[in-house]
Amino acid sequence: MIWHQNIIELPPYPRGFNLVTEDILARAPELTNCEVGLLNLFIQHTSASLAINENADPDVRGDLERHFNVMVPENASYYEHTLEGPDDTTSHIKNVMIGPSLTIPISHGKLALGTWQGIYLCEHRNHAGGRRIVATVQGRW
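Description of the structure in this document. (Residues numbered from 1 in each chain as written. Predicted model: local features only at pLDDT ≥ 70, side-chain atom pairs only at ≥ 80, totals over all residues. Heavy atoms only, no water.)

Here we take up the sheet that holds strand β3 (residues 36-43). For sheets, the rule is that strands pair by backbone hydrogen bonds, running either parallel or antiparallel. Spatial ordering of the open sheet is given by β1-β8-β3-β5-β6, a layout of 5 strands whose pairing is antiparallel. The sheet terminates laterally at β1 (2-10) and β6 (110-111), the two strands that pair on one side only. Pairing geometry for β1 and strand β8 (residues 131-140), over 9 bridges, is antiparallel. Along β8, the bridge assignment pairs H4 with V137. (Pairing = 2+ DSSP bridges. Helix = DSSP H or I, 4+ residues; strand = E, 2+ residues; numbered from the N terminus.)

What follows is the structure, encoded as structure tokens:
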């Protein structure tokens, strides 16, 4: 069993649900050597999250963003943690709801995602910087 870990640095993305599968694959070439295993992705931020969902129709990403904005509205009178703006607390709530990590099976050097699945960087801030993701591969080479 072999383990490999690296940090994937993603550039800033706009607020919303951004498809980043190709960005992840480009920055984790070692997984192509893995016959069978797991890729764990962990985002080192509390105002963004990771998810797997539809990779073809961008309407899904827009619908998700609009739905989360209704579920977790900005400027709610009961928020206290607002020092960094109206998207401060809401970004933390969305991170808790979606989560900071994913584990994806690797099969024959490829992610074993379904035909219509892709990896999302769910950016919850209006003006975020780049994001860091710890990528850990465990498997048999």
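So, about the packing of aromatic side chains. All chains considered together, the criterion is met by 3 aromatic pairs. A centroid spacing of 5.7 Å and a plane angle of 45° characterise the contact between F17 and F68, whose relative ring orientation is tilted. Remark: F68 occurs in helix α2 (residues 58-71) and F17 occurs in strand β2 (residues 16-19); sequence separation between them is 51 residues. A single burial state applies to F17 and to F68, both of which are buried. Relative to Y120, the ring of F17 has its centre 6.1 Å away and its plane inclined at 70°; by these criteria the two rings are edge-to-face. Of the two residues, F17 is situated in strand β2 and Y120 in strand β7 (residues 117-123); the sequence distance between them amounts to 103 residues. F17 sits in the buried class, given a relative accessible area of 7%. Judged by relative accessible area, which is 1%, Y120 ranks as buried. An aromatic cluster is built from F17, F68 and Y120, whose rings are joined through pairwise contacts. (Phe/Tyr/Trp six-rings, centres within 6.5 Å; stacked < 30°, edge-to-face > 60°. Buried < 20%, exposed > 50% of the residue type's maximum accessible area, 1.4 Å probe, protein only.)

Tracing the chain through its elements places P12 in the loop between β1 and β2. By relative accessible area, which is 54% here, P12 ends up exposed. For the pair formed by P12 and E22, sequence separation is 10 residues and the distance between their alpha carbons is 15 Å. Excluding anything up to four places from it in sequence, P12 contacts A128, G129 and G130. (Contact = heavy atoms within 4.5 Å.)

The next subject is unusual backbone geometry. Glycine aside, negative phi is the norm for most residues, and most peptide bonds take the trans geometry. Even without being glycine, N75 reaches a positive phi, approximately 65°. By the secondary structure assignment, N75 is in the loop between α2 and α3 (88-98). In this structure, H108 takes a positive phi of about 55° despite not being glycine. Mapped onto the elements, H108 comes out in the loop between β5 (101-107) and β6. Given the relative accessible area of 57%, H108 is considered exposed.

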